[in-house]
Every structure is written in C-alpha cells, then in structure tokens.
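Single-letter residue listing:
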2 protein chains.
Amino acid sequence: MKNPKIKAFVFDAYGTLFDVHSVIEKCNELFPGKGENISGIWRQKQLEYSFLRQLMGRYSTFLEITRDALRYACKEGGAELTGETENQLIDAYLELQHYDETEEVLKKLESYKTAIFSNGSFDMLSPLVDQSPFGPLLDEVLSVDDVKQFKPTPMAYQHVLDRLGVRREEVLFMSSNTWDIAGAASFGFHTAWINRQGKEMDELGVKPDYEYNDLRGLLEHAQ
Amino acid sequence: MKNPKIKAFVFDAYGTLFDVHSVIEKCNELFPGKGENISGIWRQKQLEYSFLRQLMGRYSTFLEITRDALRYACKEGGAELTGETENQLIDAYLELQHYDETEEVLKKLESYKTAIFSNGSFDMLSPLVDQSPFGPLLDEVLSVDDVKQFKPTPMAYQHVLDRLGVRREEVLFMSSNTWDIAGAASFGFHTAWINRQGKEMDELGVKPDYEYNDLRGLLEHAQ
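Residues numbered from 1 in each chain as written. Chains lettered and ligands numbered in written order. Predicted model: local features only at pLDDT ≥ 70, side-chain atom pairs only at ≥ 80, totals over all residues. Heavy atoms only, no water.

## Some details on the environment of A:Ser126
Residue and element names in this part refer to chain A. As a reminder, the rule being used: Going along the chain from the N terminus, every DSSP run of H or I of four or more residues is numbered as a helix, and every run of E of two or more is numbered as a strand. Relative accessibility thresholds used throughout: buried, under 20% of the residue-type maximum; exposed, over 50%; partly exposed, between the two (1.4 Å probe, protein chains only).
Here Ser-126 shows up in helix 6 (residues 122-131). Accessibility expressed as a relative area gives 30% for Ser-126, which makes it partly exposed. As for Ser-126 and Val-141, which are separated by 15 residues in sequence, their C-alpha atoms are 8.3 Å apart.

Structure representation (structure tokens):
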C-alpha cells in the first residue's frame, strides 16, 4: 500500500544495491577450500570492527576497516596473505556487480529524491557508482565518512536529513542488513527490508515497515 | 615483569572468570544435533545486540538482550523454543562454573583493590558471585547497568574509575574477549588478555600489554 508521505528513497549500498558475492568468489579462487570460511569471517569482522570502532571512539574509514578485517580473517582462517593477494581482494570490493533490478527501479523513482547512504567511504563507493548504469539517476551519494559516524548511530542517519533537506518521516530507507534497518527505524525513517535471502529479522525491538524480496517491491510507494 | 603502577585488578566476568561452556552443553541437551550451531549464534547475537543497542541509543539490560539473542538463535537454528526451554537456558547463565584458578589468584591479590566489571546486569551477576567461593575476596562487583553504557564505550570503563577511586593507569584489566581488551586499552587501562583458547587478537589498532593462558599469569604483577 502506498505511503503518501515519502519524498526521498534512500538506499544502503552493500548487499542492497551491490552484490558482495564476487568477493566470496575471489576468496575461493585465491584460497581454495578455505575461501568460504575466510570470506564469512571477513564480512563478519568488517561489520564488527565498524561497530566496535564507533563504540570505542576510534573511527577509521570503512576501507581501512575492510583491510583490517581481511587480515584478521586470513590469520584465523590459516591463509597466508601477501601484499598482492590483499590488494586483489580489496580490489574485488571496488568492482562489485549491482543487482539487476536497480536501474529499472531507480528510473521509476525519477520524480523523488534518491540517494545511496553507506558506511563505505568514497574511495570504495565512487568506483561502484561510476561503473554502474544508474549513477546518473541518483541525486546524491552519501557516506558516513563525511560525519565520521557509522550506522546504526542516530547521528549517522541525521546526515541524510541534513543533506537531502527532508524530515525523517519523509524518508523510505532500504537495506538488506537487519542492523541497518533497526537503526534506521529506531531513528524514525520508514524502512523497507530487502530480504533477498529469506533471513529472520533480528530481535532488536524494532521491525521494518515493509519487507520485500528485491527492490521492485518498493515501487508500490511510487507514483 | 612486574608493573609497579598497578593498584587495582579488574576482571571481566563471562569467559574470563566464568566458563560459558555449561550453556553450550544445555543447548546440546535440549536441541540434539542443533545445539552447537544454536549456542554459537546465541553468543554471537548476544554480543552483537549489546553493541547495536548501544549504537542506536536503545539500552536494555544484558539479561533482556540474552533472551532476545536466544530467541533469534532458535528461529535461525530451526529449533522450537517454549517458555520452559527458554527459562532453562536462561537459568544456565545463572549457574556457570567459575574457572578453577580464580580463587587462588584472588587470594594472592588481597593487598590490591579487586573488582568484577561486566556488561551483565546484577540479576545475572549476583547469582554467579554468590555461588562462587571467591565472592568475599572481591572488593566490588560493578555492572555497566549502573550507567547504562555497554563496554567497549569509554563511558563504561570510566565507571570503574568513579567507583574504585583510582586513575586509569593504575588499573590492570583482564578479559578473555578481544573487543573488551581493545576497549579497555583504548580507554587507557593496562590490559591482560586471558587467551584461554589460543585465539588471534583482533585488528583494531590496539594491543594488550600482556597475554596469558589463564589468570595465574597476572600474578607477576602482584607483591
């Protein structure tokens, strides 16, 4: 059912618009038999380190955190990481495929404000947006790096309002990450959980307003 | 080598003084074949929810968080949780075994200030301390619940100083949890990582001052 208040459609990047699967493939290619385990630890630690650095008051960019997490994952996964393999794996983050339906959906949202809002720093986000066919369709690409506050803190989501000039109840925020949905809902955005893998919602005392298998679902809110 | 500045020995609880293994056993007993997976998700989500609630500004007690994490773990692990099994598993957290060497070590620290400092709320901590033989050897049992700030935020560790009346460089803080060591070291405590399982240190830009297999190692700093 259409929500008539919505003026801005704001999208998380990793897992939401861009598929991180190619990173897993690269891990499997470089560390046969260990790639699955290492890429799993890598992603878990990447998130954990962003949360922990925010809690400790030791912000560093998501690119640096991604590198730190990779180093830990290889230590724990028993794989030797050279300067070259490290760069190959980091580069894989700069060449992610976007999800197929993204362009079609953004085209139908042309009368609204649209933006990416990511924990990723611009050195990670810009290559992805520049390679995608939908870069010109977006009004803004916003990174927490401008305010040095990772999602899911309220101060991170506030950055969206400051930059887009809308009120929190006028935002529909999309993410495939449950912690991001919880943070955005807690802040007061309307939220649509893009639950591509049929996962369970986290038990954090907040629920998404909408849940869709992919981005097309949110078009029910567009004119 | 002895650090002559130390006036207070402060201990994390879960995994550091108390062994959470009995919780895993109970999971395996109630959910045969699924217990390992469920208890793993449970612990991971328990930590993650405390971090995320702190980041979102939605504090709730560690007992409530532990219950939420258990509910999520059972959903994801495909196990039906009844009111009764839920209570049995939560109760297992109130009956953890302490590590064998704890009493002996605390006895040798009697000329120092000693305290537990935990993310656990008193409804979880008090039963453990009361059942243990070393409760009377501790000067203080401190919970973040008094300040509603989870570790690893600086404001949480500040609570230790406020309550013990010492300066940060006079504290030696022990934890088996790498994120807790990173937070305490970042705050300015001396830190000893009780690395019982021979794990790798996290890549968070801070390292422990000392690393021991169990609590006995820290006696090198005692008179």
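Structure shown, so let's carry the discussion forward.
## Details of the relation of the copies chain A and chain B
Filter applied, for reference: The atoms used to superpose the copies are C-alpha atoms, taken from residues with pLDDT of at least 70 in both, and the fit is least squares. In what follows, residue pairs with any heavy atoms lying within 4.5 Å of each other are defined as contacts.
Each copy superposes on the other: chain A lies on chain B with an RMSD of 0.0 Å after a rotation of 180 degrees and an axial shift of 0.0 Å. The superposition of one copy onto the other is thereby described by a two-fold rotation axis. When the interface residues of chain A are mapped onto chain B, 100% of them again lie at the interface, so the same face is used by both copies.

## Quick look at the side chain of A:Glu101
Within the element layout of this structure, A:Glu101 appears in the loop between strand 3 (97-98) and helix 5 (102-107). Look past the residues within four positions of A:Glu101 in its chain and what remains in contact with it is A:Arg196, A:Asp214, A:Leu215 and A:Arg216.

## Considerations on the nonpolar core
Under the convention used in this document: Here, nonpolar core refers to any group of buried Ala, Val, Leu, Ile, Met, Phe, Trp, Tyr and Cys residues whose side-chain atoms link them within 4.5 Å.
Counting residues in each nonpolar core, the largest one holds 163 residues, and the members touching the most others are A:Trp42, B:Trp42 and B:Leu218. Aside from chain neighbours lying at most four places away, what touches A:Trp42 is A:Val23, A:Cys27, A:Thr66, A:Ala69, A:Leu70, A:Ala73, A:Leu89, A:Ile90 and A:Tyr93.

## Brief notes about the packing of helix 1 (residues 21-30) of chain B against helix 4 (residues 83-93) of chain B
Residue and element names in this part refer to chain B. To be explicit about the condition: To get an axis, a line is fitted to the C-alpha atoms, and for a helix only the part in contact is used. The angle between two axes follows their N-to-C directions and goes from 0 to 180 degrees. Should an angle fall under 35 degrees it is called roughly parallel, over 145 degrees roughly antiparallel, and 65 to 115 degrees roughly perpendicular, with every other angle called oblique. In this scheme, a crossing is called left-handed if the near helix is turned counterclockwise away from the far one by less than a right angle; it is called right-handed if the turn is clockwise. Gly counts as polar in this scheme, as do all residues outside two lists: the nonpolar Ala, Val, Leu, Ile, Met, Phe, Trp, Tyr, Cys and Pro, and the charged Asp, Glu, Lys and Arg.
Close contact between helix 1 and helix 4 brings their axes to 8 Å; oriented N to C, the two are set at 160 degrees. As judged from the angle between their axes, helix 1 and helix 4 are roughly antiparallel. By crossing handedness, the relation of helix 1 to helix 4 is classed as right-handed. Along its contact with helix 1, which presents Ser-22, Val-23, Lys-26, Cys-27 and Leu-30, the element helix 4 presents Thr-85, Gln-88, Leu-89, Ala-92 and Tyr-93. By residue class, the composition of the contact of helix 1 with helix 4 is 6 nonpolar, 3 polar and 1 charged.

## Focus: the interface of chain A and chain B
Which entries qualify depends on this criterion: Defined here as a combined quantity, buried area equals the accessible surface (1.4 Å probe) lost by two parts on assembly, summed across both. Here a salt bridge means any side-chain nitrogen of Lys or Arg lying within 4 Å of a carboxyl oxygen belonging to Asp or Glu.
With 30 residues of chain A at the contact, the number on the chain B side is 30 residues. In total, about 2,800 Å² of surface goes out of reach between chain A and chain B, with carbon and sulfur atoms giving 60% of it. Together, A:Leu55, A:Met56 and A:Glu203 form the three largest contributors to the area buried by chain A at its contact with chain B, with a combined 25%. The interface formed by chain A and chain B includes 6 salt bridges. As a salt-bridge pair, A:Lys75 and B:Glu203 come within 3.0 Å of each other at their nearest N and O atoms. Taken together, the elements giving at least two residues each to the side of chain A that touches chain B come down to helix 2 (35-56), helix 3 (62-77) and helix 8 (178-187) of chain A. A total of 10 residues in the side of chain A that touches chain B trace back to one element, the largest contributor, which is helix 2 of chain A. For the side of chain A that touches chain B, the per-class residue count stands at 13 nonpolar, 6 polar and 11 charged.

## Describing helix 3 (residues 62-77) of chain B
All names here are of chain B. Going by this rule: Each residue after the first adds 1.5 Å to the expected span of a helix.
An ideal rise of 1.5 Å per residue puts 22 Å on 16 residues; helix 3 measures up with 22 Å between its terminal C-alpha atoms. Of all the positions in helix 3, only Phe-62, Leu-63, Ile-65, Thr-66, Asp-68, Ala-69, Leu-70, Tyr-72, Ala-73, Cys-74 and Gly-77 are classed as buried. Along its buried surface, helix 3 packs onto helix 2 (35-56), helix 4 and helix 6 (122-131). Among the residues trailing helix 3, Gly-78 stands out with phi positive, at a value near 65 degrees.

## Notes on the packing of aromatic side chains
Our working rule: When two rings of Phe, Tyr or Trp (its six-membered ring) have centres within 6.5 Å they constitute a pair, described as stacked for plane angles under 30 degrees, edge-to-face for angles over 60, and tilted for the intermediate range. Working rule: Lys NZ or Arg CZ, within 6 Å of ring centre, within 35 degrees of ring normal, means a charge sits over the ring.
Under the criterion given, the structure shown has 30 aromatic pairs over all chains. An angle of 80 degrees between the planes, with centres 5.4 Å apart, marks the rings of A:Trp42 and A:Tyr93 as edge-to-face. In this pair, A:Trp42 is assigned in helix 2 and A:Tyr93 in the loop between helix 4 (83-92) and strand 3, connecting sequence segments 51 residues apart. For A:Trp42, a relative accessible area of 1% translates into the label buried. Residue A:Tyr93 is classed as buried on the basis of its relative accessible area of 3%. Taken together, the aromatic side chains of A:Tyr14, A:Trp42, A:Tyr59, A:Phe62, A:Tyr93 and A:Phe150 make up a single cluster linked through ring pairs. Above the face of the A:Tyr72 ring, A:Lys45 is positioned so that its terminal group lies 4.7 Å from the ring centre. Above the ring of B:Phe187, the side-chain terminus of B:Arg168 is found at 4.0 Å from the ring centroid.

## Focus: the domain arrangement of chain A
Residues and elements named next belong to chain A. For clarity, the threshold we go by: Residue ranges assigned to the domains are those given by an automatic or database domain assignment.
Examined at the domain level, chain A breaks down into domain 1 (8-19 + 97-221) and domain 2 (21-92). Its C-alpha centre places domain 1 at a distance of 23 Å from the equivalent point of domain 2. Across the contact, 18 residues belong to domain 1 and 14 residues belong to domain 2. When the two sides are added together, the surface that domain 1 and domain 2 hide from each other amounts to roughly 1,300 Å², 63% of it contributed by carbon and sulfur. Where domain 1 packs against domain 2, one counts 0 salt bridges. Residue classes in the side of domain 1 that touches domain 2 are distributed as 6 nonpolar, 7 polar and 5 charged.

## Thoughts on the sheet that holds strand 5 (residues 140-143) of chain B
Sheet strands pair via backbone hydrogen bonds, and the direction of the pair is either parallel or antiparallel. Residues and elements named next belong to chain B. Heads up, the condition is: Two strands pair under a simple rule: DSSP has to find at least two bridges between them.
Taken together, 6 strands build an open sheet; the order of strands is 5-4-1-6-7-8 and the sheet is parallel. Strands at the two margins of the open sheet, each flanked by one partner only, are strand 5 and strand 8 (210-212). For this sheet, the mean inter-axis angle between neighbouring strands, taken without regard to orientation, is 25 degrees. The pairing of strand 4 (residues 113-118) with strand 5 spans 4 bridges and is parallel. By the bridge assignment for strand 5, Ala-115 is matched with Glu-140. On the sheet, helix 6 packs against strand 4 and strand 5 and is oriented at approximately 155 degrees with respect to strand 5. Lying over the sheet, helix 8 (residues 178-187) contacts strand 6 (171-175) and strand 7 (190-194), oriented at roughly 170 degrees with respect to strand 7.

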